[in-house]
Amino acid sequence: MRLRCAVLDDFQKVATEVADWSLVADDVEVVAFDRHIEGEDALAAALAGFDIVVTLRERVPFPGSLIARLPRLKLLVASGMRNSVIDHAAAEAHGVTVCGTASSSTPPVELTWALLLGLARGIVEESSALRSGGPWQSTVGADLHGRRLGLLGLGKIGSRVAQVGLAFGMHVSAWSQNLTRERTDEIGVELAPSKEDLLASSDFVSVHLALSDRTRGLLGPAELALLKPTAYLVNTSRAAIVDQEALLAALHEGGIAGAGVDVFDIEPLPADHPMRTAPRLLATPHLGYVSRANYATYYGQAVENIQAYLAGSPIRLLAH
């Protein structure tokens, strides 16, 4: 009897197109879900008949309580090689193998600049006006050349965002709790003396930190108040790094010129969520990792992981 594999959150209905699932077709029946399944009870009911689950990033939590309700589950494949919403100890205790995939940092770098440029030049507002018969030119674009880009985090993504900023002729500075001058010199940017200095001196601030106990709520009301009223904030990292209520207040009160956001406290975003109607906000539905090449990697390696599991030699095991 063939095993059954559930592919979660296939919103674009491409999961079975971008990879060759025929490689496991003799042994595995694949069922893709193109709608998000919200809540543990609904997940437990929907996944009860599956032996394998493929999940995207950290969108769907797999706590021990859910894993215990899925007695058929034997293999859980998550995109990326780090996942904080899977209870790895519970998975091991219930005999569930957990594997990951590679994930490129290129798509989130590109989306960061799409948001930043869209904000700076009023792209959405001007395009909407043009297509609807609105005013011909109603905004005055913010310049990048000669302005300061402040980066919170200078890792794989932040460093590549920095290189693009330098190519635009921007002054680029960076800060994080463990960032060294050796690292900033390597990238060719300035080391900000402090988080507060970076926020107060930057015309554009972009967040590129991993979510942890140290970074949760890193930008609260006091920090956002340091930003210039002409400054823009971009967050393609994790929503919880920025206090969401403080950000909404800054947008409504004009404390900042605007924000570009790809991550939210609840995903998918409820229809009545205040982020959907906030002024001065350019928002996208967590598209940072969503690109054809990245999806080909995610699902192609998911197929490889399933093959390896069926052969008795699992690969790309995720550590606890």
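Placed above this text is the structure.
Presented here is an overview of the structure given in this document. (Residues numbered from 1 in each chain as written. Predicted model: local features only at pLDDT ≥ 70, side-chain atom pairs only at ≥ 80, totals over all residues. Heavy atoms only, no water.)

**A word on the overall build of the protein chain**
On a plain count of helices and strands, the protein chain comes out with eleven helices and twelve strands. The globule rule puts the C-alpha radius of gyration for 320 residues at 20 Å, and the 22 Å found for the protein chain is close to it. Taken across its 320 residues, the protein chain has 48% of its residues classed as buried. Relative to all contacts within the protein chain whose residues are 6 or more apart in sequence, the contacts with residues 24 or more apart total 65%. Approximately 15000 Å² of the protein chain is accessible, and the part contributed by carbon and sulfur atoms is 53%. One finds the centroid of the 27 positive side-chain charges in the protein chain at a distance of 2 Å from the centroid of its 36 negative side-chain charges. (Helix = DSSP H or I, 4+ residues; strand = E, 2+ residues; numbered from the N terminus. Rg over C-alpha atoms; globule rule 2.2 N^0.38 Å. Buried < 20%, exposed > 50% of the residue type's maximum accessible area, 1.4 Å probe, protein only. Contact = heavy atoms within 4.5 Å. Areas by Shrake-Rupley, 256 points an atom, 1.4 Å probe, with all protein chains shown as cover. Lys, Arg positive; Asp, Glu negative; His and termini not counted. Charge placed at Lys NZ, Arg CZ, Asp CG, Glu CD.)

**Examining helix H10 (residues 244-253)**
Taken together, the buried positions of H10 are Gln244, Ala246, Leu247, Leu248, Ala250 and Leu251. With a side-chain oxygen positioned 3.0 Å from the backbone nitrogen of Glu245, the residue opening H10 is Asp243. Immediately downstream of H10, the backbone of Gly254 shows phi near 80 degrees, a positive value. (Polar contact = N/O pair within 3.5 Å; in protein donor to acceptor, adjacent residues only side chain to side chain.)

**What to know about the state of the cysteines**
Following the criterion strictly, the structure yields zero disulfides and no others. Free of any disulfide, Cys5 has its nearest neighbouring cysteine sulfur in Cys99, separated by 12 Å. Of the residues examined, Cys5 reaches a relative accessible area of 0% and is grouped as buried. (Disulfide = S-S within 2.5 Å.)

**Considerations on the sheet that holds strand E6 (residues 148-152)**
One open sheet accounts for seven strands, arranged E8-E7-E6-E9-E10-E11-E12; its pairing is parallel. The open sheet has two free edges, formed respectively by strand E8 (190-191) and strand E12 (281-283), since each of these has just one partner strand. Across four bridges, the pairing between E6 and strand E9 (residues 204-207) is parallel. Each residue of the ladder has a partner; that of Leu149, found in E9, is Phe204. In the packing of helix H6 (residues 156-167) onto the sheet, the strands contacted are E6 and strand E7 (171-175), and the crossing angle to E6 comes to about 175 degrees. Set on the sheet, H10 makes contact with strand E10 (232-235), strand E11 (258-261) and E12; between it and E11 the angle comes to about 140 degrees. (Pairing = 2+ DSSP bridges. Axes fitted to C-alpha atoms, helices over the stretch in contact; angles between N-to-C directions.)

**Structural notes on the packing of helix H4 (residues 106-120) against H6**
Where H4 meets H6, the axes come as close as 9 Å, and the angle between the chain directions of the two elements is 45 degrees. Here H4 lies oblique to H6, going by the angle between them. Crossing geometry of H4 relative to H6 is assigned as right-handed. On H6, the residues touching Thr106, Pro108, Val109, Thr112 and Trp113 of H4 are Ile157, Arg160, Val161, Val164 and Gly165. (Parallel < 35°, antiparallel > 145°, perpendicular 65-115°, else oblique. Left-handed = near helix turned anticlockwise from the far one by under 90°.)

**Considerations on the pairing of E6**
Two faces, one strand: in a regular strand the side chains alternate between the faces of the sheet. Counted residue by residue, E6 has five buried out of five residues, so it is predominantly covered. In E6, alternate side chains face the same way, and those of Arg148, Gly150 and Leu152 on one face and Leu149 and Leu151 on the other are all buried. Judged from the five bridges that link them, E6 and E7 form a sheet pairing that is parallel. Bridge pairing links Leu152 to Trp175 in E7.

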